[in-house]
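Descriptive analysis of the structure
Below are the chains, spelled out letter by letter.
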Amino acid sequence: MTRLRLPGLIDPHVHVRDLNQSHKEDWDSATAAALAGGITTILAMPNTQPPITDGAALAQYQAAAQARARCDYGLYFGAGPGNVESAARFAPQVAGMKMYLDSTFGDLKMDALSLLVEHCARWPKESPLLAHAEGHHVASAILAAHLAGRSIHICHVSRKDEIELIARARDKGYAVTCEVCPHHMFMTLDDCGLAPGYLEVRPRLATPADVAALWAHLADIDCFATDHAPHTRAEKESEKPPPGFPGLETALALWLTAAHQGRLTLEDLLARMHTNPRRIFNLPEQPDTWIEVDADCEWQPDASRMYSRAGWTPFVGWRLRGRVIAVTLRGQLAYDGERVLAQPGTGRDVMNSSYSV
Ligand code: DOR
Ligand code: ZN
Ligand code: ZN
């Protein structure tokens, strides 16, 4: 067995749900899934029910996370039409602000160009600003941020034209960072083998040419996120299937399998799952935190053995190589390869000033 010791991984893009959508996932199940996947910090998206677009909702989710989280976490604030003037005041409490420029799950889509421009201008420059932006909206987000003199992080890049535009902006010195997700790097719409409903995800699965372009631009990709977006089997099989894939418990193994195949190096992986997200999202160091991986272990994802409440995985039956066998979080064994040992309420908010005390 080749036993690797790696730093605790960071996933900057997770949909935790909770409160009115706890049947899909909550802070307990999401953070258990994260630990089982070798991830010790998650940053949680605001397209919740209720959405995190005001102080009252933020306080509710902070309380839910404090009570239930088993790993460390940060919350994102959601940009909307009603909080242009108030949003900035919440920056010290959150990991960044998310802007939705395209239709996806939830009601946070911003249509007006003026909203994009105003939010870019007002959100504090030292706090990350993220965009769900597809196609033309990638250009809109980059330009609006650049004109406001601030950085922008483009979530889940999935297409050739998008990554090429991002690469050109970076060449020109624009402060643009980006992430990709396993499903856009290892699957295409035509070969995914997923039933209708299950294959719904935003951005959609793309073409082989898109996937090839993302791999060719690995140097321009800062982070590997999961966009863990749990919906139940019944919801995926319904008349109006919501978009999204669970991914916390398969991501590292998918990337390790690609590393074994020579598609990237372990250093490439660690830069994108630890060092870069830590820098981009200003995250504190987690003292005495590491994960151990059996790099030779071959296994097949099986949702019945997972912690996520989604109850399915788009990677079922894939032959993966590399498995998490232990996670130590702040000196405590948090996952032993079979069971999550960290208890609900032991995770810490990375934005809390007493984080490392
Ligand atoms: O497929 C998706 N699901 N894309 C998103 O942008 C949102 C996510 C969700 O919250 O389910
Ligand atoms: Zn998104
Ligand atoms: Zn998302």
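Our focus in this paragraph is the coordination of the zinc ion (ligand 2). Donor atoms from the polypeptide that bind the zinc ion (ligand 2) are His132 (ND1) and His156 (NE2), placed at 2.0 to 2.1 Å. Distance-wise, the zinc ion (ligand 3) is placed 3.5 Å from the zinc ion (ligand 2). Note that His132 is positioned in strand 6 (residues 129-132) and His156 in the loop between strand 7 (152-154) and helix 5 (160-171), a separation of 24 residues in sequence.

Summed over all chains, the structure comprises 19 salt bridges. The salt bridge partner of Arg70 is Asp28, with a shortest N-O separation of 2.7 Å. In this pair, Arg70 sits in the loop between helix 2 (55-68) and strand 4 (72-78) while Asp28 sits in helix 1 (residues 27-36), placing the two residues 42 residues apart along the sequence. One connected set of salt bridges, linked through shared partners, spans Arg159, Asp161 and Glu162.

The next thing to look at is helix 1. Across the 10 residues of helix 1, nine count as buried, placing the element largely inside the fold. Of all the positions in helix 1, only Trp27, Ser29, Ala30, Thr31, Ala32, Ala33, Ala34, Leu35 and Ala36 are classed as buried. If you follow the buried residues of helix 1, they end up packed against strand 3 (39-44), helix 2, strand 4, strand 11 (320-329) and strand 12 (332-335). Put simply, Asp26 is the residue that caps the front of helix 1, since its side-chain oxygen is 3.0 Å from the backbone nitrogen of Asp28. Gly38 sits one or two positions beyond helix 1 and adopts a positive phi of about 85 degrees.

Next up on the list: the packing of aromatic side chains. Counted by the stated rule, this structure contains 11 aromatic pairs. Between Phe245 and Trp312, the ring centres sit 5.9 Å apart and the planes meet at 85 degrees, which makes this aromatic pair edge-to-face. Of this pair, Phe245 sits in the loop between helix 8 (233-236) and helix 9 (251-260) while Trp312 sits in the loop between strand 10 (290-299) and strand 11, and the two are 67 residues apart along the sequence. Assessed through its relative accessible area of 1%, Phe245 is described here as buried. For Trp312, a relative accessible area of 4% puts it in the buried group. Through a chain of ring-to-ring contacts, the aromatic side chains of Phe186, Trp215, Phe224 and Trp255 assemble into a single cluster. The cationic tip of Arg263 hangs over the ring face of Trp215; the distance from NZ or CZ to the ring centre is 4.2 Å. The lysine or arginine in question, Arg323, covers the ring of Trp299, its NZ or CZ lying 4.5 Å from the ring centre.

Quick notes on the rules
- Residues numbered from 1 in each chain as written.
- Chains lettered and ligands numbered in written order.
- Predicted model: local features only at pLDDT ≥ 70, side-chain atom pairs only at ≥ 80, totals over all residues.
- Heavy atoms only, no water.
- Donors = N, O, S within 2.8 Å, 3.2 Å for Na, K, Ca; no water.
- Helix = DSSP H or I, 4+ residues; strand = E, 2+ residues; numbered from the N terminus.
- Salt bridge = Lys/Arg side-chain N within 4 Å of Asp/Glu carboxyl O.
- Buried < 20%, exposed > 50% of the residue type's maximum accessible area, 1.4 Å probe, protein only.
- Contact = heavy atoms within 4.5 Å.
- Polar contact = N/O pair within 3.5 Å; in protein donor to acceptor, adjacent residues only side chain to side chain.
- Phe/Tyr/Trp six-rings, centres within 6.5 Å; stacked < 30°, edge-to-face > 60°.
- Lys NZ or Arg CZ within 6 Å of the ring centre and 35° of its normal.

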